[in-house]
There are 6 protein chains.
Amino acid sequence: MPATTPAEILIINPNSSVAVTQGIAAAVAPMTPPGVTFTCVGLPEGPATISTQEDVARGGIGVLEHLRARPRPDAVITACFSDPGLDLLRAEPGAPPAIGCQEAGILSALALADRFGIIALSERSIPRHLRKIAQMGVGSRLADELALPGVSAEASGRDEAVYALVREAAAELGRRGAGAIVLGCAGMAPIRARLAADTGLAVVDPVCAAAAMALAVVQGR
Amino acid sequence: MPATTPAEILIINPNSSVAVTQGIAAAVAPMTPPGVTFTCVGLPEGPATISTQEDVARGGIGVLEHLRARPRPDAVITACFSDPGLDLLRAEPGAPPAIGCQEAGILSALALADRFGIIALSERSIPRHLRKIAQMGVGSRLADELALPGVSAEASGRDEAVYALVREAAAELGRRGAGAIVLGCAGMAPIRARLAADTGLAVVDPVCAAAAMALAVVQGR
Amino acid sequence: MPATTPAEILIINPNSSVAVTQGIAAAVAPMTPPGVTFTCVGLPEGPATISTQEDVARGGIGVLEHLRARPRPDAVITACFSDPGLDLLRAEPGAPPAIGCQEAGILSALALADRFGIIALSERSIPRHLRKIAQMGVGSRLADELALPGVSAEASGRDEAVYALVREAAAELGRRGAGAIVLGCAGMAPIRARLAADTGLAVVDPVCAAAAMALAVVQGR
Amino acid sequence: MPATTPAEILIINPNSSVAVTQGIAAAVAPMTPPGVTFTCVGLPEGPATISTQEDVARGGIGVLEHLRARPRPDAVITACFSDPGLDLLRAEPGAPPAIGCQEAGILSALALADRFGIIALSERSIPRHLRKIAQMGVGSRLADELALPGVSAEASGRDEAVYALVREAAAELGRRGAGAIVLGCAGMAPIRARLAADTGLAVVDPVCAAAAMALAVVQGR
Amino acid sequence: MPATTPAEILIINPNSSVAVTQGIAAAVAPMTPPGVTFTCVGLPEGPATISTQEDVARGGIGVLEHLRARPRPDAVITACFSDPGLDLLRAEPGAPPAIGCQEAGILSALALADRFGIIALSERSIPRHLRKIAQMGVGSRLADELALPGVSAEASGRDEAVYALVREAAAELGRRGAGAIVLGCAGMAPIRARLAADTGLAVVDPVCAAAAMALAVVQGR
Amino acid sequence: MPATTPAEILIINPNSSVAVTQGIAAAVAPMTPPGVTFTCVGLPEGPATISTQEDVARGGIGVLEHLRARPRPDAVITACFSDPGLDLLRAEPGAPPAIGCQEAGILSALALADRFGIIALSERSIPRHLRKIAQMGVGSRLADELALPGVSAEASGRDEAVYALVREAAAELGRRGAGAIVLGCAGMAPIRARLAADTGLAVVDPVCAAAAMALAVVQGR
């Protein structure tokens, strides 16, 4: 029977924020079928948040080193929207299938609407995202990307004024042609369903999107 | 708490084969978190298999009519690799998010490898798939598509000679540059994990891929 | 001698409007060389107008059934801008070459200018057109598409206020970079030449474009 | 009434071959509706055949000068597969709509099949054609292009051995995925219909394709 | 030793302006390594400036004829932003490597930023540039192109009001996403470094870009 | 006067091989105009060669740290074909223009031929290169990439058998449509000119290509 083999999906948050790691664990909990374990870890030696290109580079090495130092899971997810370390994980001999949450979030949005938009938390991350979208070959389906500088992912779920900013950005992306919105940061899962209901758009949390894809990867093991 | 609201994901197999519908139900069973129900239905009035362009067109209308005739689920999946009815579902006022298994299968493959291949069961379905891939805007990542005429999805799981044909096609797609293989037909989930192990490639069952994406759609309702 | 074999080109209007069918016949009449017959038919059982995705799907089946029920022509045209039934006609064993008026209209515009625009009569048809343009692989040459909700194709030719709306939409598309305008609905041929003269842009009636291409298909039979 | 205004379509063969010019006139004769005149001219001062890049450049200037020296027609066609002078005609103040036969041939093929192939008469013209296809933005639909060095367009219609070479090239392009074949040289119209019948593929003569498009341009004047 | 063989790089300005030719020579002088000679020539029989499509066509033939009438250099550059004659030079038997300054300018900009913009001196040259960009296959990286009608390249370097117009156009392109600006005309090298300093953007003079690439072509001869 | 300000271009070889660094210095020496200094440095703490994805990641951080620890040059080049650290350099506040040799090599090839090929020294570097090419948006112009496993860049210049392997790979790429060959590794400059002469193809050394582009960047400072 496919379901009988237990499977572990490792989710690595490359920053050191315990709150973010706990938020991820809470977000994927209701998606967990019997027999599957989502192991959510942060990197204590990582930065508080991944914001610069250097954070991405150093975070990627941290992700690789974490994987090497533990027993191999059945699938691994990089839970930061810049997908730090994804290429390193994929090139690692013997590593399990690796899923990046940026890639998974964007690809899931493509399954829900003709065109997608991204809400970023930093203006300077947008060129990095656009380079990744070009590399993925899906640029023809991008409606636009908007940044909300000064907004933290965590605040979007507890501060109504912050939520209102996010909601307005999503609505604006909708007016620019997006039918699906990708939340461009790990840690915004708590507002996903509410934002979808408020805007009438599909809304994708990238970590949940990656977690879902990983379930299909371990299906039938 | 996100998990407390029960959610129903409707999977419509547009053909009349009870065996195929049961196979789909078995494939998604181990992916089912508590509180989520996958309702798998076939269309008794549909053809035994969706093979011609006319089957696709008529099947699409059948899918739409089925949705209209029942209580609305929280998400709906068309479980045939030609995605019959997907555009109709998306244009239906008040319909839930609709996921096509072809789109979901291809997009999930893109999350696992640089380039993907497809194993089709019919030579004449390939142009249809290629048109869809062009429409999706992801053609730059297709390695190739191969057909296995005369092979049935169901037989791939119980007949070693048939399985060997599928395995060889997957290996050939790997040699042509594919790092992930999409099984181009609903009903091949039973061989997914084995084929991945035998070839060293990522292997995607399109219905499981769509089911996984739907889990993220209903997450947090 | 190439010209001596008579040829019949069937133009199927998938809606039930006799006025639209007659308008098509009038539009192609001056394009008819000796020996060629354009047979223009409507589908009495079709909807009054093709406006929803469901209309497109059901209209496509109607188009296929009409072709099957009559002697084979030398070429066949689907005369509705959503090209209903085009894929069905092309997949039909023994069917003659099939030309869709959306495809023909867009491709003819590409022969006249670097970039094209489309005037649609319904906002909700635009995503459908954009998916087709993506599938055709010619999206890099689209300037933009504008909808004129509430305008009927037929009215554009007899009501100056309606014509003025169309003219302004064409001029706006010109300002957005379009050098050729595709009239996104069968039935607007009467204003084609006037609109070209008024705007200085190339203007393409999709049915006339398809009719012209069909002439080349039957040339020399 | 649309048909009452006579229209003249000028077809300029930029080489000096009287036989080619006469062949063009014969090819478009059966496509001529009452009231339309196709005026076919060659350039006596042009080369016997357009084969080098320099021929294309000088031929283009010859085409422009010819247009300037005569009364303006209602549409103008450059009848050489390298479309010499097309950009010059389009930039000329007050010039009528200009159609290039390469563009028209390729675009007409796109209306008949998912992918097209080209039969060229010279290996060195292929890079030139590929640059044009890239410029047109339709490269994703090219199956392949094959050259038949040493074959003349004129010979294809009277020499069975030459015709057999063309037929085999078309069939090979079909095996490589082309559903429509563009004859990559003016002057092959006599074999178009036969080649289509022999191969089961759509076959496009570029001059007839351009002539057909021009009919739609002058429709309703 | 690679450096011991002297190399000559021929830069052909296809217009007759002695001032432009001298400006090019001055611009490349500081880029000249020992042993390399940049020979800068104008075409006395050419137009004062290349502005129309016809100028481009006739200029191209002039460029070819100039090359034929002199000893072969080690590399040749067409120093006009429309790259007149580039295809002719490349097709010429025995000709040295040919570099067009439009191509070189754009490609160099791509090495400096994710997206580029162009400042053109004539509105009507923009469609010509866009066709070239499409042909080059790099359109996904164009931010935008702006024209400064009435501005001459030469005036940009001596008239502060003209320079201010150029600076504002560059800044506007920056706001539209360009990280690198290509000066769309030979003869603006004198303002390149100042404009880069003033705007914080990379600024590319196309002739210097082509000259630099030619240095790599003759390296190690 | 433009030439009077001295300029320094820093070339960072991210590996620890003194021979490679010296080879780079020798290659750019003949390209150096008066007043310009190419400062070539290796990273003693780097790996002997950059071959794995991890080498690229760690090398990139080494490149960034090197730049930070020294006076700012006028331009900086990463002299390894994987462009390690390029994104880090570009994101560094106050850093000079940064040029990657992979990008520069490919873009220079695009200025010399319609399609390019790459000779890689490792099979596993090819997917990394292809991802970069996709990110650059120039994939439509890639003919193919071939690997020469077991060949070292340094050996290509002193061992005739190794050179013969490289020559045959270049010729094969030419047969597959490449008109320009990019040497996919720093350190092969010594064979560039000979390989071009032997194959009749344009051959690009990526470091020399980057050095040339940097000359244009510092022109006129």
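What you see is a predicted model; the values in this text were computed from it and never measured. (Residues numbered from 1 in each chain as written. Chains lettered and ligands numbered in written order. Predicted model: local features only at pLDDT ≥ 70, side-chain atom pairs only at ≥ 80, totals over all residues. Heavy atoms only, no water.)

Engineer: Lay out the sheet that holds strand β8 (residues 202-204) of chain F with the relevant residues and their values.
Structural biologist: Residues and elements named next belong to chain F. Pairing within the open sheet is parallel, and its four strands lie in the order β6-β5-β7-β8. Lying at the two open borders of the sheet, with one neighbouring strand each, are β6 (142-147) and β8. Neighbour-to-neighbour, the strand axes of this sheet turn through a mean angle of 20°, independent of strand direction. Bridge count between strand β5 (residues 116-120) and strand β7 (residues 180-183): four bridges; the pairing is parallel. (Pairing = 2+ DSSP bridges. Helix = DSSP H or I, 4+ residues; strand = E, 2+ residues; numbered from the N terminus. Axes fitted to C-alpha atoms, helices over the stretch in contact; angles between N-to-C directions.)

Engineer: So what about the pattern of salt bridges? Which residues, and what values?
Structural biologist: Taken as a whole and judged by the stated rule, the model has 108 salt bridges over all chains. Note that Asp114 of chain D is salt-bridged to Arg131 of chain B, the shortest N-O span being 2.8 Å. With Asp114 of chain D in the loop between α4 (101-110) and β5 (116-120) and Arg131 of chain B in helix α5 (residues 125-136), this pair bridges two chains. On the basis of relative accessible area, Arg131 of chain B is assigned to the buried category, the value being 16%. Overlapping salt bridges, with partners in common, bring together Glu54 and Arg58 of chain A together with Glu65, Arg68, Arg72 and Glu92 of chain F in one network. (Salt bridge = Lys/Arg side-chain N within 4 Å of Asp/Glu carboxyl O. Buried < 20%, exposed > 50% of the residue type's maximum accessible area, 1.4 Å probe, protein only.)

Engineer: Can you tell me about the state of the cysteines, naming the residues and giving the values?
Structural biologist: A complete count under the given rule lists zero disulfides over all chains for this structure. This cysteine, Cys40 of chain D, is not joined by any disulfide, and Cys208 of chain D carries the nearest cysteine sulfur, 10 Å off. (Disulfide = S-S within 2.5 Å.)

Engineer: Before we move on, could you go through the sheet that holds strand β1 (residues 7-13) of chain E and cite the residues and values that matter?
Structural biologist: Residues and elements named next belong to chain E. Taken in spatial order, the four strands of this open sheet run β2-β1-β3-β4, and their pairing is parallel. For this open sheet the edge positions go to β2 (36-42) and β4 (98-100), each flanked by a neighbour on one side alone. Neighbour to neighbour, the strand axes of the sheet diverge by 20° on average, direction disregarded. Pairing analysis gives four bridges linking β1 to strand β3 (residues 75-78), with the strands arranged parallel. Across the sheet, Leu10 pairs through a bridge with Val76, a residue of β3. Of the strands in this sheet, β1 and β2 touch helix α1 (residues 18-28), which is tilted by about 165° from β2. (Contact = heavy atoms within 4.5 Å.)

Engineer: Got a sec to walk through the interface of chain B and chain A? Specific residues and values, please.
Structural biologist: Contact with chain B, which involves 37 residues of that partner, is made by 37 residues of chain A. Counting each side, the surface lost to burial between chain B and chain A is near 2800 Å², with a carbon and sulfur contribution of 62%. Of all residues in chain B, Pro30, Ala111 and Gln219 of chain B bury the most surface against chain A, accounting for 20% of the area lost on that side. Inspection of the chain B/chain A interface yields zero salt bridges. In this structure, the connection of chain B to chain A is made through ten residue pairs in polar contact (both at pLDDT 80 or more). Of all the secondary structure elements, the ones that give two or more residues to the side of chain B that touches chain A are β4 (98-100), α4 (101-110), α8 (189-199) and α9 (206-218) of chain B. Element by element, the count of residues in the side of chain B that touches chain A is highest for α9 of chain B, at eight residues. Split into classes, the residues belonging to the side of chain B that touches chain A amount to 26 nonpolar, six polar and five charged. (Buried area = accessible area lost by both parts, 1.4 Å probe. Polar contact = N/O pair within 3.5 Å; in protein donor to acceptor, adjacent residues only side chain to side chain. Nonpolar A, V, L, I, M, F, W, Y, C, P; charged D, E, K, R; others polar.)

Engineer: Mind laying out helix α8 (residues 189-199) of chain E, listing which residues take part and the relevant values?
Structural biologist: Residue and element names in this part refer to chain E. By the burial criterion, the buried members of α8 are Ala189, Ile191, Arg192, Leu195 and Ala196. Viewed along the axis of α8, the buried residues span an arc of 140°, placing them on a single side of the element. Exposed and oriented more than 90 degrees from the buried face of α8 are Pro190 and Ala197. Residue Gly200 follows α8 closely and has a positive phi angle near 75°. (Arc of directions from axis to C-beta.)

Engineer: Let's hear about the relation of the copies chain B and chain A: which residues, and what values?
Structural biologist: Least-squares fitting of chain B to chain A yields an RMSD of 0.0 Å, with the superposition described by an axial translation of 0.0 Å and a rotation of 180°. These values place the two chain copies in the arrangement generated by a two-fold rotation axis. Minimal C-alpha separation from the rotation axis in chain B is found for Pro33 of chain B, amounting to 1.9 Å. A shared binding surface is used by both copies, with 100% of the interface residues of chain B retained as interface residues in chain A. (Least-squares fit on C-alpha atoms with pLDDT ≥ 70 in both.)

Engineer: Outline the interface of chain E and chain F, listing residues and values.
Structural biologist: Listed by partner, the interface residues are 37 residues for chain E and 37 residues for chain F. Between chain E and chain F the total buried area reaches about 2800 Å² when both faces are included, carbon and sulfur atoms providing 62% of it. The largest contributions to the chain E side of the interface with chain F come from Pro30, Ala111 and Gln219 of chain E, which together make up 21% of the buried area. Across the chain E-chain F interface, the total number found is zero salt bridges. Of all the secondary structure elements, the ones that give two or more residues to the side of chain E that touches chain F are β4, α4 (101-110), α8 and α9 (206-218) of chain E. The element best represented in the side of chain E that touches chain F is α9 of chain E, accounting for eight residues. For the side of chain E that touches chain F, the residue count by class is 26 nonpolar, six polar and five charged.

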